Amino acid sequence: MLKNNLFLKALNGETVTRPPVWMMRQAGRYLPDFMALKKKYDFFTRCQTPELATKITLMPIDQIGPDAAILFSDILVVLQAMQLEVEMKDNIGPWIPNPVRSKIDLEKLIIPDIEEHLGYVMDAIKLTQKELNQRVPLIGFAGSPWTLLCYAVQGQGSKTFDKAKAFCFSKPKLAHDLLQKITATTILYLKQKINSGVNAIQIFDSWGGILSPEDYNIFSWPYIQQIIDEIKNKIPVIIFGKGCWFALHDMGKSGASAVGVDWTCSARNARYLSGGQVTLQGNFDPSRLLSPIPEITEAVYKMINEFGKDRYIVNLGHGILPNIPVDHAKAFVDAVKSYY
Ligand code: CP3
């Protein structure tokens, strides 16, 4: 039995004494212990070695104390398993030497056997659950098909993903075939993560917000809905779309247990647009963690009052930034714990 089930209660829409809290990208970046490990092992070695992934996953649990853990890994491991080469370069980020641009490129991608190609993630889940020893639930995750297409086609990070968009609008049939292949892989991957013991799944649509609402409904949402349909009866699902306020209505009635929002959408708008029933998650501006601690505390109380303590999961509106002092991250979590 879980010792702390606040997070699962909130996902389930149950009344709680205070909302649960965790932070997107909490496992890494700003933590000195993580930076020390980063010097010793390259990024994908950290992802592929269950002992390292477990150690990193537990760092924020021990040092900051959120109500849920998120497995240390990356959304891009799915593309690697599909046989697309992905590197992580210092100061550049993700780097795909041979991005997908043609039918031939697409045909080279496989729908992988999950145990064979992503078995290390499953081992990391099992080891992490053992080490967590029921302290808090463990979140597994995947990128949305659209967000993965952005990297697969662009070949690296971008503010506009112009090449990815050009691909979709000039070769829509290929784009849909790619999205469907990623979707099929993601469904198999998430089902295996569920079998391996995660307690909830979050889908990150980090680049959904660069699409118009119309194009979102063509290139992103239908594939996310397929994924949700396949897993929602097995486990609670959180759908987070950065900049996707226009999709909150569909997200609210998708069968997901919770919908994540970023800081550009007010609590009031998020409740209204999502239909008022679904649990919401968010939406503290990660940069605001640079404010003095007393201001962080006040802002957290205000945020909880605006969202309401029930059907709400306190989080940032996107991933924590590398320059956030650890004591400020902890102050964020502590503020939620002192809310009454
Ligand atoms: O809490 C956690 O950190 C859990 C693990 C996690 C990572 N990436 C580790 C990581 C999660 C949940 C992700 C998701 C992810 N990865 C997303 C979706 C969430 C979001 O932030 O929008 C995206 C778009 C990626 C792709 C990715 N991975 C980028 C763009 C980068 C480089 C820039 C950056 O964020 O640092 C990565 C590398 C990455 N993934 C790092 C970490 C801790 C930093 C690099 C390193 O540690 O060497």
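In the block above lies the structure referred to throughout.
Remember, it's a predicted structure, so these values are computed and weren't measured experimentally.

Conventions used here
- Residues numbered from 1 in each chain as written.
- Predicted model: local features only at pLDDT ≥ 70, side-chain atom pairs only at ≥ 80, totals over all residues.
- Heavy atoms only, no water.
- Near = heavy atom within 4 Å.
- Polar contact = N/O pair within 3.5 Å; in protein donor to acceptor, adjacent residues only side chain to side chain.
- Areas by Shrake-Rupley, 256 points an atom, 1.4 Å probe, with all protein chains shown as cover.
- Helix = DSSP H or I, 4+ residues; strand = E, 2+ residues; numbered from the N terminus.
- Axes fitted to C-alpha atoms, helices over the stretch in contact; angles between N-to-C directions.
- Left-handed = near helix turned anticlockwise from the far one by under 90°.
- Contact = heavy atoms within 4.5 Å.
- Nonpolar A, V, L, I, M, F, W, Y, C, P; charged D, E, K, R; others polar.
- Core = buried A, V, L, I, M, F, W, Y, C linked by side-chain atoms within 4.5 Å.
- Buried < 20%, exposed > 50% of the residue type's maximum accessible area, 1.4 Å probe, protein only.
- Domains from an automatic or database assignment.
- Pairing = 2+ DSSP bridges.

Even after reading the chapter, I still don't get the site of the ligand, so can you show me in this structure?
Surveying the vicinity of the ligand reveals 21 residues, the closest of which are Arg29, Arg46, Asp74, Ser206 and His318. Contact distances for the ligand include 2.7 Å between a nitrogen atom and a side-chain N or O atom of aspartate 74. In the complex, the protein chains occlude 88% of the 840 Å² of accessible area that the ligand would expose alone. Of all the secondary-structure elements, those providing two or more residues to the shell around the ligand are helix H2 (32-40) and helix H3 (43-48).

Would you take a moment to explain the packing of helix H8 (residues 145-154) against helix H10 (residues 172-196) for this structure?
Any two packed helices are characterised by how steeply their axes cross, that is the angle between the axes, and by the distance between the axes. In the contact formed by H8 and H10, the axes pass within 9 Å of each other and the chain directions differ by 120°. For the element pair H8 and H10, the recorded crossing hand is right-handed. Residues Pro145, Trp146, Leu148, Leu149 and Val153 of H8 form the contact with H10, whose participating residues are Ala175, Leu178, Leu179, Ile182 and Thr183. Here the contact of H8 with H10 is built from residues that sort into nine nonpolar, one polar and no charged.

Whenever I open this one, the nonpolar core confuses me. Can you help?
When a protein is soluble and globular, its nonpolar side chains tend to lie buried together. Core analysis: the biggest nonpolar cluster contains 125 residues, and Leu79, Leu149 and Phe332 have the highest contact counts within it. Broken down by element, the residue count for this core peaks at nine residues, all from H10. Residue contributions to this core reach at least three from each of two domains, namely domain 1 (1-26 + 238-340) and domain 2 (55-63 + 69-198 + 200-235). Apart from the residues lying within four places of it in its own chain, the contact partners of phenylalanine 332 are Val21, Met23, Phe284, Leu289, Ile296, Val300, Met303, Val314, Asn315 and Leu316.

Please clarify how unusual backbone geometry should be interpreted in this entry.
Most peptide bonds take the trans form, and the phi angle of most residues other than glycine is negative. Here glycine 282 and asparagine 283 are connected by a cis peptide whose omega angle stands at -15°. With respect to the element layout, asparagine 283 can be found in strand E8 (residues 279-284). In this structure, glutamine 83 takes a positive phi of about 80° despite not being glycine. Looking at where glutamine 83 falls in the secondary structure, it is placed in the loop between helix H5 (77-81) and strand E2 (87-89).

Looking at this structure, I do not really get the sheet that holds strand E6 (residues 237-241). What am I missing?
Strand pairs in the sheet, formed through backbone hydrogen bonds, run parallel or antiparallel to each other. Here we have seven strands laid out as an open sheet, ordered E1-E4-E5-E6-E7-E8-E9, and parallel in their pairing. In the strand order of this sheet, the two ends are held by strand E1 (69-70) and strand E9 (312-316), each with one partner. As paired elements, E8 and E9 share five bridges and run parallel to each other. For leucine 280, the partnering residue across the bridge sits in E9 and is tyrosine 312.

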